[in-house]
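Given next are the chains, with one letter for each unit.
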Amino acid sequence: MTEGDTKSEVTHTSETQPAVEETDNHSSAESDDNTILGAAVTKLYARKVSLLNNELSRIGMGWYQWRLFILAGIGWTADNFWATLNSQAVYQVGLEYNVSTTQLPWGSMSLAIGLCLGAIFWSALSDHIGRRFSFNITLLIGGVVALMAAGAPTFAGYCVFVAFIGFGMGGNLPIDGALFLEFLPGEWQWLLAFLSIWWALGQLIVTLLAWAFITGFSCSSADNCPTSSNLGWRYLYYVTGGIALLMAAARFITMQLDESPKYLLAQGEDAGVVKMVHIIAKTNGTESNLAEEDFKAIDSEFDEKVTEAPLVGSANDPQIAPVAKESLLRKYSVDHVAPLFATPKLALNTSLIIMIWFLIGLSYPLFNASLPVWLRLHNINTATGIDQSFREYIGYAVLGIPGSAIGAYLTTLRFGRKGALASSTILSGVFIFLFAAAKSNAEVVAFNCVTSVTTGAMYGVLYAYTPEVFPSPHRGTGSGLASAANRLGGIIASIIPMSSAAGLDTTIPFWVSAALFTSAGILVLFLPVESRGRMAI
């Protein structure tokens, strides 16, 4: 491939590639968006990632990406295990240890604290040493600690174990999404939104298990609730932890995960990029024309030896200076955070994304984590009532799956990722308002189910948009900051129901949740970058 061929490919990609997403009518907006995001990377990296993106598009979608879709999906399924597991189990844990309903949110808070710390640590590590290690280890930690949590001797001990589960799994979602995105051809990036269907599946799996174990092996009153008559929540943790370990084993056994080609490119490892692209092509039953000489041709344009340093330098300096070995903290705070705020528009986009994640992280647990306990408290102390509350919650969990699929479809429409995200988020707020105001059980069930569809769609779009608007050298860090803000919101969400005036036996958490969802949806409209029709850099 000659340099001229390379330039020709970069110029005409949107015209020659069969794409689900239309790009021709958005070339001007796409150019503006690329200019905003390009401020976070060096010019040399931007030229090389264009070449890589075109080669990934030429190779196309194949078995390599579909296999990764399954393995990343497994991680997303497990990610939703733990919040659902705690929300289903904590009521029974409270009965066994005689904990009041105003203190039950400590379980959710412990999980959120762990998730927040884990999101920062694992995402920073992924930009520091690569995606592969974090991708493999987080799922394993969650499974092991879940087995330990099943034997918790006190409520405080339970909260400690839940916090460690959160730390282990905190980086799972952003890292899995970033890794999957970096192997996708540009015209298939919408598939990242569809990956959220696995997340919805995780909620359904745990809810079905809880229905079996909680209804069959649990006490109904704190007055008579010894461990021997309340083993359901422990069985739930044992089985869910075992499933997570099987998932981790599946990752190790079925696929020897390779490092992301865009991460390798950001480190200046051109030879590794070429090798990785050829592996993808071979697995997909085709061939790649990419050669190391293609990158050297770009190097010569900048009169620079790319092997002198990683491509994570100053956002305003197109040249690359040698980078000394630095601590993880310094690399996180300087090399990867600062470029995300390099220009006013980029700073606005990054700040709004973090704020939106925070508001959703505050609003979603207020509704989702409170819902199982609220349903239990309104179907009190009878086997029929408990069974009915699970039936209602399972309906909610089931509809999250088509909701995710709808979200993936919405990302391909002309109003783009921002339009899909704003509409689904605002609608979630509207239907939670209606749920909180419901006067009959039929209304509760109906608005609960519709809310599941809209929140499923919202998360599908959010999970796709976020890594797309962070350049690969800083994608782990940016996604981690957003995820950490989301978990911080979860911490605050746990505090609100601790007030007796806004406890889990009232609808106040739902009213607050609805208002926050609506506010987050309005903020989406002010995001300056639209990622639809644009290849992630």
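Residues numbered from 1 in each chain as written. Predicted model: local features only at pLDDT ≥ 70, side-chain atom pairs only at ≥ 80, totals over all residues. Heavy atoms only, no water.

On to the overall build of the protein. Within the protein, the secondary structure is distributed over 22 helices and zero strands. Split into buried and exposed, the 537 residues of the protein put 59% on the buried side. In the structure as shown, the protein presents an accessible area of about 19,100 Å², 65% of it carried by carbon and sulfur atoms. (Helix = DSSP H or I, 4+ residues; strand = E, 2+ residues; numbered from the N terminus. Buried < 20%, exposed > 50% of the residue type's maximum accessible area, 1.4 Å probe, protein only. Areas by Shrake-Rupley, 256 points an atom, 1.4 Å probe, with all protein chains shown as cover.)

Where nonpolar side chains cluster on the molecular surface, the patch consists of L140, V144, M148, F252 and I253 and spans about 480 Å² of accessible area. Counting residues per element, the ones that place at least two in the nonpolar patch are α6 (131-149) and α11 (232-254). Sorting elements by how many residues they give to the nonpolar patch places α6 first, with three residues. Taking the relative accessible area as the measure of exposure, V144 reaches 38% and is therefore partly exposed. (Patch = residues over 30% accessible without salt bridge, like charges linked within 9 Å, V, L, I, M, F, W, Y side chains within 5 Å. Salt bridge = Lys/Arg side-chain N within 4 Å of Asp/Glu carboxyl O.)

With that out of the way, let us pick up the state of the cysteines. Applying the stated rule across the entire model yields one disulfide. Disulfide partner of C219: C225, at an S-S distance of 1.7 Å. The sign of the S-S torsion, about -45°, decides the handedness of the disulfide formed by C219 and C225: left-handed. By the burial criterion, C219 is buried, and C225 matches it. (Disulfide = S-S within 2.5 Å.)

This part covers the environment of G268. By secondary structure assignment, the location of G268 is in the loop between α12 (261-266) and α13 (270-283). Given the relative accessible area of 8%, G268 is considered buried. Residues G268 and Y45, spaced 223 residues apart in sequence, show a C-alpha to C-alpha distance of 8.7 Å.

A few words on the packing of aromatic side chains. If you walk through the whole model with that rule in mind, you get 27 aromatic pairs. Relative to W82, the ring of F81 lies with its centre 5.9 Å away and its plane at 85°, an arrangement referred to as edge-to-face. According to the relative accessible area criterion, F81 is buried, its value standing at 1%. Here the aromatic rings of W199 and Y459 are separated by 4.9 Å at their centres, their planes lie at 45°, and the arrangement is tilted. Of the two residues, W199 sits in helix α10 (residues 196-216) while Y459 sits in helix α20 (residues 441-468), which places them 260 residues apart along the sequence. With respect to class, W199 is no different from Y459; both count as buried. Chaining the aromatic ring pairs together yields one cluster made of W66, F69, F180, W188, W190, F194 and W198. (Phe/Tyr/Trp six-rings, centres within 6.5 Å; stacked < 30°, edge-to-face > 60°.)

This brings us to the confidence of the model for the protein. Mean pLDDT over the protein stands at 78; residues scoring 70 or higher make up 78%. No element of the protein has a lower mean pLDDT than helix α1 (residues 3-16), which averages 38, and none a higher one than helix α7 (residues 155-169), which averages 92. (pLDDT = per-residue confidence, 0-100.)

Tallying each qualifying case throughout the model produces six salt bridges. Close ionic contact of K48 with D299 constitutes a salt bridge, the shortest N to O distance being 2.8 Å. Of the two residues, K48 sits in helix α3 (residues 43-59) while D299 sits in helix α14 (residues 292-302), which places them 251 residues apart along the sequence. We note that K48, like D299, is buried. Because the salt bridges share partners, they merge into one network encompassing K48, D270 and D299.

Once that is clear, we can look at the side chain of S479. Considering the arrangement of structural elements, one finds S479 in helix α21 (residues 472-495). When residues no more than four places from it in sequence are discounted, the contact partners of S479 are P174, T466, P467 and F470. (Contact = heavy atoms within 4.5 Å.)

For the rest of this paragraph, the subject is the side chain of E530. Mapping E530 onto the fold places it in the segment after α22 (508-524). For the buried E530, no salt bridge is present, and the opposite-charge side chain at shortest range is R417, 5.2 Å distant. A polar contact is formed between the side chain of E530 and the backbone nitrogen of R417, at a distance of 2.8 Å. One polar contact links the side chain of E530 to the main-chain amide nitrogen of K418, over a distance of 3.1 Å. (Lys, Arg positive; Asp, Glu negative; His and termini not counted. Polar contact = N/O pair within 3.5 Å; in protein donor to acceptor, adjacent residues only side chain to side chain.)

α10 packs onto helix α4 (residues 63-96) with a crossing angle of 40° between their chain directions and a minimal axis gap of 7 Å. The handedness of the crossing between α4 and α10 comes out as right-handed. For the contact of α4 with α10, the residue count by class is 14 nonpolar, ten polar and one charged. (Axes fitted to C-alpha atoms, helices over the stretch in contact; angles between N-to-C directions. Left-handed = near helix turned anticlockwise from the far one by under 90°. Nonpolar A, V, L, I, M, F, W, Y, C, P; charged D, E, K, R; others polar.)

This brings us to the nonpolar core. If you look at the biggest cluster of nonpolar residues, it comprises 131 residues, and the most contacted ones within it are W82, Y158, F180 and Y237. In terms of residue count, the dominant contributor to this core is α4 (16 residues). Other than its neighbours up to four places away in sequence, Y158 contacts N86, A89, V90, V93, G107, A152, W233 and Y237. A112, C116, A484 and I491 belong to the second-largest nonpolar core, a separate cluster that totals six residues. (Core = buried A, V, L, I, M, F, W, Y, C linked by side-chain atoms within 4.5 Å.)

Attention shifts here to the packing of α3 against α14. Taken N-terminus to C-terminus, the directions of α3 and α14 make an angle of 155°; their axes are 10 Å apart at the nearest point. With respect to each other, α3 and α14 are oriented roughly antiparallel. Considering only the axes of α3 and α14, their crossing is right-handed. Within the contact between the two elements, α3 uses K43, L44, R47, K48 and L51 and α14 uses D294, F295, I298, D299, E301 and F302. Here the residues of the contact of α3 with α14 sort into five nonpolar, no polar and six charged. (Parallel < 35°, antiparallel > 145°, perpendicular 65-115°, else oblique.)

A few words now on unusual backbone geometry. If you check the backbone angles, N98 has positive phi at about 55° while not being a glycine. For N98, the location among the structural elements is in the loop between α4 and α5 (105-129). We classify N98 as exposed; its relative accessible area is 61%.

So, on to α20. With 28 residues, α20 should cover 40 Å at 1.5 Å per step; its first-to-last C-alpha distance of 41 Å lies within 8% of that length. Burial analysis of α20 places 20 of its 28 residues in the buried class, the great majority of the element. (Expected span 1.5 Å × (residues − 1).)

If you trace the backbone, N54 turns up in helix α3. On the basis of relative accessibility, which here comes to 6%, the residue N54 falls in the buried class. For the pair formed by N54 and G186, sequence separation is 132 residues and the distance between their alpha carbons is 8.3 Å.

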